Amino acid sequence: MLFPPSHKAELIRFRPVFKEKHRPADFNGGGLDDFSEELRELFFGFYRRMTQPPQMQNTDGEALVFHRLHYQIDSAEETFEALKSLCVTDTLKIS
């Protein structure tokens, strides 16, 4: 799995912690075992953020709740006439 560039900063912040406890020679393998828990947390944090759907909010920060509304109308033409003033382009004409 490839992580997007937006995760790079978090990896860079982890680097000094790793270098503080290990010599460059440790990068060949064994040194990573000491950080397996931290690396796992980092990986699963990235994975969780990439696989969770986005949280939809309104401009006040409240969660969006979708609804389906059904209306019964007596006349499609009367309804159209009553609502056509809401059209911002006002290009549709009924003959």
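The structure displayed is predicted, hence computed values, not measured ones.

A. A look at the overall build of the protein chain. Looking only at helices and strands, one finds 4 helices and 0 strands in the protein chain. Shown N-terminal to C-terminal, the secondary structure of the protein chain runs as helices and strands in the order α-α-α-α. Contacts spanning at least 24 positions in sequence make up 44% of the contacts within the protein chain whose residues lie at least 6 apart. Accessible surface for the protein chain amounts to roughly 9000 Å². Of this, 55% is attributable to carbon and sulfur atoms.

B. Focus on the packing of aromatic side chains. On inspection of all chains with the given rule, the structure shows 2 aromatic pairs. Geometrically, the ring pair formed by F43 and F44 is edge-to-face, given 5.1 Å between the ring centres and 75 degrees between the ring planes. Judged by relative accessible area, F43 falls into the partly exposed class, the value being 34%. The exposure class assigned to F44 is partly exposed, which follows from its relative accessible area of 42%. Relative to Y47, the ring of F43 lies with its centre 6.3 Å away and its plane at 15 degrees, an arrangement referred to as stacked. Residue F43 and its partner Y47 are both found in helix α3 (residues 36-51); the two are separated by 4 residues, about one turn of the helix. One aromatic cluster is present, formed by F43, F44 and Y47 through successive ring pairs.

What counts, and at which threshold
Residues numbered from 1 in each chain as written. Predicted model: local features only at pLDDT ≥ 70, side-chain atom pairs only at ≥ 80, totals over all residues. Heavy atoms only, no water. Helix = DSSP H or I, 4+ residues; strand = E, 2+ residues; numbered from the N terminus. Contact = heavy atoms within 4.5 Å. Areas by Shrake-Rupley, 256 points an atom, 1.4 Å probe, with all protein chains shown as cover. Phe/Tyr/Trp six-rings, centres within 6.5 Å; stacked < 30°, edge-to-face > 60°. Buried < 20%, exposed > 50% of the residue type's maximum accessible area, 1.4 Å probe, protein only.

Honestly, that's just the spatial picture; any functional story needs more than this.
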